[in-house]
Amino acid sequence: MRVLVINAGSSSLKYQLYDMRDESVLAAGKVERIGMDTAILTHEPAGKAEVREVREILEHTAAIRQVLSVLVHKEHGVLGSVSEIDAVGHRVVHGGEAFKQSVVVTPEVKQEIKRLFDLAPLHNPAHMLGIQAVEANMPNVPQTVVFDTAFHQTMPPNSYLYPIPLALYRRHKIRKYGFHGTSHMFVSRRAAEFLGRPVEQLKIVTCHIGNGASVTAVRGGVSVDTSMGMTPLEGLMMGTRSGDLDPAVVPYTMGKEDLTINEVSSMLNKHSGLLAVSGLSSDMREIEQAMEEGNQNAKLAFEMYEYRLRKYIGAYAAAMNGIDCIVWTAGVGENSSLLRERTCSNLEYLGVKMDREANAVRSKQERRISTFESKVEVLVIPTNEELVIAKETYRLIGGNEAGAGAKNPEKLPQHAT
Ligand code: AMP
């Protein structure tokens, strides 16, 4: 069975084609600048040279058409025909309370994703364009949706509610949802496998530290708390996002700087975090480089970033009454030995003992970076959200005949209210 995984943004679309017999990636790529006459298609077929083409791609249906045509191209292609794709799995950022797991796309599912546009105005409409574009190009191929929020739907109310009038939750579903759930789920399960212990017996803190960053408390294999909130702005300091701050900063800044709510929102999402404090970059590589060169603002940005992350790990140790394992993943988490070392060397009170040599090794492999005496296992586990989406799609479509899932779609989960 072959599964095409799609991550559609408003002006971009990433894809990976999996052969589920051995979970190998047959091709991966992306279309950028959708909507322009100079859109860029980058295609990496396994075992063949990368292709990069600039062409007019004005909307998502055309983008999917281009992707399909390059997948069956006689030189760069990896398929004889589009009909060899058995199912398509989409990443969807926000599943609200309706979706506690991945589902097959049905008219009801699409309706519900549309209802959630308000909660994720930058993401969900783009995902819907991706779903419709696949429908237009491959009308008989079953599709699934895998939600970033679904893994966190196990959080208890004392963790997901905000201490504001509960009528706001009842009327508008204002609550913590959490994000990066696909990644937190994947790395927590891989960690248990790595340790050879049942995930049900473990208290794990998963640190997904990329451009966006979140920490999750995973107890017994389920999410019990996570640092992102109703939107991906809450929680850790990130590349360009502020993370936690006093909500009173918003009206105060609006008044003092004569800014609109949208301008403040844009400041907090796009012009804060590492970028704002360093005045240099949102990219941790550049921050670390500048620190080495003695840049004081970069040093301050790094120290704030690490301090806020460490406080969350401590909070989740308190939330779970201890930690058995800390997992590092995503761009910064997998690559910044400096951040891992600084954070973990301040967690000795929890019984964390870092193996400095193991931590310094650069590798794409899953690995232990704590010593064998450490009370808390510290692991680096590369995340693979696309593989989870492909596996979920394979599971939902049945791993049977192509199209089986479309004939027998999972029922839409009920609202949890
Ligand atoms: P992600 O959002 O998971 O793709 O992570 C992207 C981020 O990872 C980049 O913006 C960088 O800040 C960070 N990153 C990638 N490579 C390194 C590295 N070698 N050292 C530190 N940070 C890195």
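Presented here is an overview of the structure given in this document. All values reported here derive from a predicted model rather than from experimental measurement.

1. Points about the layout of surface pockets
Of the volumes computed, that of the second largest pocket is approximately 480 Å³. For the second largest pocket, the lining is made up of 22 residues, of which F151, M185, R189, V388 and E392 are closest to its centre. Looking at the lining of the second largest pocket, the elements that each hand over two or more residues are β8 (143-147), α6 (181-195), β11 (222-226) and α15 (385-396). In terms of residue count, α6 provides more of the lining of the second largest pocket than any other element does, seven residues in total. Its residues assigned to classes, the lining of the second largest pocket comprises eight nonpolar, seven polar and seven charged.

2. Digging into the sheet that holds β11
Here six strands make up an open sheet; going across it, the order is β11-β10-β9-β12-β14-β13 and the pairing mixed. If you trace the sheet from one side to the other, it starts and ends with β11 and β13 (367-368), each paired once. Bridge analysis of strand β12 (residues 325-329) against strand β14 (residues 377-380) gives four bridges, and the strand direction is parallel. Looking at β14, one finds that I326 is bridged to V378. Of the strands in this sheet, β9 (203-209), β10 (213-219), β12, β13 and β14 touch α6, which is tilted by about 130 degrees from β9.

3. So, the pairing of β12
Each regular strand displays side chains that alternate between the two surfaces of the sheet. Summarising burial for β12: five of the five residues are buried, a large majority. One ladder, built from five bridges, connects β9 with β12; its direction is parallel. When the bridges of β12 are listed, C207 appears paired with W328.

4. Examining the site of the ligand
In the region of the ligand, the neighbouring residues are G210, N211, D283, M284, R285, A330, G331, V332, N335, S336 and R362. Interatomic distance of 3.4 Å between a backbone N/O atom of V332 and an oxygen atom of the ligand. In the environment of the ligand, a nitrogen atom lies 3.3 Å from a nitrogen or oxygen atom belonging to the side chain of R362. About the coverage of the ligand: the protein hides 72% of its 510 Å² of free accessible area. Mapped onto the shell around the ligand, the elements with two or more residues apiece are α10 (284-292) and α12 (330-335). Considering each element in turn, the shell around the ligand owes the most residues, four residues, to α12. Tallied by class, the residues present in the shell around the ligand amount to three nonpolar, five polar and three charged.

5. So, the packing of α6 against α15
Viewed as axis vectors pointing N to C, α6 and α15 meet at an angle of 90 degrees, and their least axial separation amounts to 9 Å. In this view, α6 runs roughly perpendicular relative to α15, as classed from their interaxial angle. On the side of α6, the interface is formed by T182, S183, M185 and F186, while α15 contributes E385, L387 and V388.

6. Some thoughts on the pattern of salt bridges
Proximity of charged atoms lets side chains of opposite charge pair with each other. Throughout the structure, instances matching the rule amount to 19 salt bridges. Between K299 and E303 there is a salt bridge, and its shortest N-O distance comes to 3.1 Å. Residue K299 and its partner E303 are located together in helix α11 (residues 296-320), separated by four residues, close to a single helical turn. Residue classification places E303 among the partly exposed residues on the basis of a relative accessible area of 36%.

Rules and cut-offs
- Residues numbered from 1 in each chain as written.
- Predicted model: local features only at pLDDT ≥ 70, side-chain atom pairs only at ≥ 80, totals over all residues.
- Heavy atoms only, no water.
- 1 Å grid on protein atoms, 1.4 Å probe; cavity = no way out; pocket = protein on both sides within 12 Å on 5 of 7 lines; lining within 4 Å.
- Points joined across faces, edges and corners; volume = space filled by probe spheres on them.
- Helix = DSSP H or I, 4+ residues; strand = E, 2+ residues; numbered from the N terminus.
- Nonpolar A, V, L, I, M, F, W, Y, C, P; charged D, E, K, R; others polar.
- Pairing = 2+ DSSP bridges.
- Contact = heavy atoms within 4.5 Å.
- Axes fitted to C-alpha atoms, helices over the stretch in contact; angles between N-to-C directions.
- Buried < 20%, exposed > 50% of the residue type's maximum accessible area, 1.4 Å probe, protein only.
- Near = heavy atom within 4 Å.
- Polar contact = N/O pair within 3.5 Å; in protein donor to acceptor, adjacent residues only side chain to side chain.
- Areas by Shrake-Rupley, 256 points an atom, 1.4 Å probe, with all protein chains shown as cover.
- Parallel < 35°, antiparallel > 145°, perpendicular 65-115°, else oblique.
- Salt bridge = Lys/Arg side-chain N within 4 Å of Asp/Glu carboxyl O.

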